[in-house]
Amino acid sequence: MPDQRKATFHALLAVLMWSTVASAFKLSLRHMDPAQLLFYSSLASTLCLGAILAVQGRLGLVLAMTRRQYVRSALLGAINPFLYYLILFAAYDRLPAQLAQPINYTWAITLTLLSIPLLKQKISRRDLLAVFVGYAGVLVISTRGDVTGMNVESPLGVGLALLSTILWALFWILGARDDRDPVAGLLLNFAASLPMTLAVCLATTGLVPASPLGYLGAAYVGVFEMGLAFALWLSAMKNAANTARIANLIFLSPFLSLVFIHFVVGEEILPSTFAGLVLIMAGLAVQRTAKTQKPA
């Protein structure tokens, strides 16, 4: 039976966890490089998701999948977490967290654009407006408000952040018809990515971070960003009597994230960051209304 109070509580916990991860990314990258952070956070996430399945008595799902599902796990794992987080962490390594985090939220707008060539979907005027407004926000953020001067803060960092949104959108498109259990499937994605990330670490900086504090940061990212938050969000959507009301709570996350970035990371939040984030959220809101108004 639906339980809206339980759904709301679990959704708010997930949103709170996701609100802290931009700060966790930035702090962790002070002690290890992107590949190391991805390897240890993926390892932590694999163990966390395995523990969740074990507590639920569903760990056997991991061993009961078909060969096709295992191949799918390897392919999806190469996109997310391997390429997606490797590029996202590289963006955070080059940008202030208050710039990288809002840009990452444009993935839903990127999804609309990718759906045109990949899913042969038509784009509406509202979708076009959402794209324009959302990427206007990216421009405001990346130029620190100097839109006419076009003095972009780390063009490579902004480019990597935008590339990560393409990979995340592609992951969702390819996984749209995924027939695996969501938690078991995600566990296999992370497990499949571990050898890939290990190879990158061994070929570059090795496995030993600059400081042991990096291990704590990676564990936090793996457990809360990649593990518990996902499971809580799934629980929220499963128990919700009104999924739209639950889904709207995700709009709280980027603004809460700026609070953590200011007080935990120590960044002075610029007016241009807040203005750009408002534009991105407005673009997402326009996009959501466009979807609700489309005929079935």
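Look up a bit, the structure's there.
Residues numbered from 1 in each chain as written. Predicted model: local features only at pLDDT ≥ 70, side-chain atom pairs only at ≥ 80, totals over all residues. Heavy atoms only, no water.

J.: Honestly, the side chain of Thr197 in this entry has me stumped. Any pointers?
T.: Residue position: Thr197 is located in helix H8 (residues 182-203). The class of Thr197 is buried, set by a relative accessible area of 1%. Each residue touching Thr197, except ones within four places of it in the same chain, is listed here: Ala35, Leu38, Phe39 and Phe82. (Helix = DSSP H or I, 4+ residues; strand = E, 2+ residues; numbered from the N terminus. Buried < 20%, exposed > 50% of the residue type's maximum accessible area, 1.4 Å probe, protein only. Contact = heavy atoms within 4.5 Å.)

J.: Whenever I open this one, the packing of helix H2 (residues 34-55) against H8 confuses me. Can you help?
T.: Between two packed helices, both the angle of their axes relative to each other and the distance between the axes serve to describe the pair. Running from amino to carboxyl end, H2 crosses H8 at an angle of 155°, the nearest separation of the two axes being 9 Å. Classified by the angle their axes make, H2 and H8 are roughly antiparallel. Classified by chirality, the crossing of H8 by H2 is left-handed. Where H2 abuts H8, its residues Ala35, Gln36, Leu38, Phe39, Ser42, Leu43, Ser45, Thr46, Leu49, Gly50 and Leu53 lie against Val183, Ala184, Leu186, Leu187, Phe190, Ala191, Ser193, Leu194, Thr197, Leu198, Val200 and Cys201. (Axes fitted to C-alpha atoms, helices over the stretch in contact; angles between N-to-C directions. Parallel < 35°, antiparallel > 145°, perpendicular 65-115°, else oblique. Left-handed = near helix turned anticlockwise from the far one by under 90°.)

J.: Quick question: what am I supposed to make of the pattern of salt bridges here?
T.: A pair can form between side chains of opposite charge whenever their charged atoms are brought close. If you walk through the whole model with that rule in mind, you get three salt bridges. Across the pair Arg58 and Asp181 runs a salt bridge, and its minimum N-O distance is 2.6 Å. Taken as a pair, Arg58 in the loop between H2 and helix H3 (67-94) and Asp181 in the loop between helix H7 (155-174) and H8 lie far apart in primary sequence, 123 residues in all. Between Asp179 and Arg68 there is a salt bridge; the shortest N-O distance is 2.7 Å. Of this pair, Asp179 sits in the loop between H7 and H8 while Arg68 sits in helix H3, and the two are 111 residues apart along the sequence. (Salt bridge = Lys/Arg side-chain N within 4 Å of Asp/Glu carboxyl O.)

J.: Explain a nonpolar patch on the surface to me, please; I cannot follow it from the model alone.
T.: A cluster of nonpolar side chains, namely Leu12, Leu252 and Leu256, defines an oily patch on the protein surface of about 230 Å² accessible area. Mapped onto the fold, Leu252 is located in the loop between helix H10 (243-247) and helix H11 (253-265). On the basis of relative accessibility, which here comes to 42%, the residue Leu252 falls in the partly exposed class. (Patch = residues over 30% accessible without salt bridge, like charges linked within 9 Å, V, L, I, M, F, W, Y side chains within 5 Å. Areas by Shrake-Rupley, 256 points an atom, 1.4 Å probe, with all protein chains shown as cover.)

J.: Would you explain helix H6 (residues 125-142) in this entry?
T.: Owing to its 3.6 residues per turn, the α-helix brings residues three or four apart onto one side. Between the first and last C-alpha of H6 there are 26 Å, a value that for 18 residues agrees with the 26 Å anticipated at 1.5 Å per step. Positive backbone phi, at 55°, marks Arg144, one or two positions downstream of H6. (Expected span 1.5 Å × (residues − 1).)

J.: I tried to follow the packing of aromatic side chains on my own but got confused; where do I start?
T.: The relative placement of two aromatic rings is captured by the distance of their centres and the angle of their planes. Counted under the stated rule, the structure contains 15 aromatic pairs. Taking 4.8 Å as the distance between ring centres and 70° as the angle between the ring planes, the aromatic pair formed by Tyr84 and Tyr85 counts as edge-to-face. Relative accessible area serves as the criterion here: at 4%, Tyr84 is assigned to the buried category. With centroids separated by 6.2 Å and ring planes inclined at 75°, the aromatic side chains of Phe171 and Trp172 adopt a geometry described as edge-to-face. The buried category is assigned to Phe171, whose relative accessible area is 11%. According to the relative accessible area criterion, Trp172 is partly exposed, its value standing at 43%. Taken together, the aromatic side chains of Phe25, Tyr84, Tyr85, Phe89, Tyr92, Trp107, Trp168, Phe171 and Trp172 make up a single cluster linked through ring pairs. (Phe/Tyr/Trp six-rings, centres within 6.5 Å; stacked < 30°, edge-to-face > 60°.)

J.: Would you mind showing me how to read the nonpolar core here?
T.: As a rule of thumb, soluble globular proteins bury nonpolar side chains together. The biggest cluster of nonpolar side chains holds 65 residues, and the ones touching the most others in it are Phe25, Tyr85, Phe89 and Tyr92. Excluding residues within four positions of it along the chain, Tyr85 makes contact with Phe25, Leu38, Asn80, Glu225 and Met226. Formed by 12 residues, the second largest nonpolar core is a distinct cluster that contains Ala14, Ala236, Ala240 and Ile246. (Core = buried A, V, L, I, M, F, W, Y, C linked by side-chain atoms within 4.5 Å.)

J.: How do you make sense of the layout of surface pockets when you look at a structure like this?
T.: Which parts of space are left empty comes out when a probe the size of a water molecule is rolled across the atoms. Considering only enclosed or pocket space, the largest pocket measures out at about 1500 Å³ in volume. Every residue lining the largest pocket is counted, 46 residues in all, and those nearest its centre are Trp18, Trp107, Trp168, Trp172 and Trp233. Among the residues making up the lining of the largest pocket, the classes are represented as 30 nonpolar, 10 polar and six charged. Estimated volume of the second largest pocket: approximately 340 Å³. (1 Å grid on protein atoms, 1.4 Å probe; cavity = no way out; pocket = protein on both sides within 12 Å on 5 of 7 lines; lining within 4 Å. Points joined across faces, edges and corners; volume = space filled by probe spheres on them. Nonpolar A, V, L, I, M, F, W, Y, C, P; charged D, E, K, R; others polar.)

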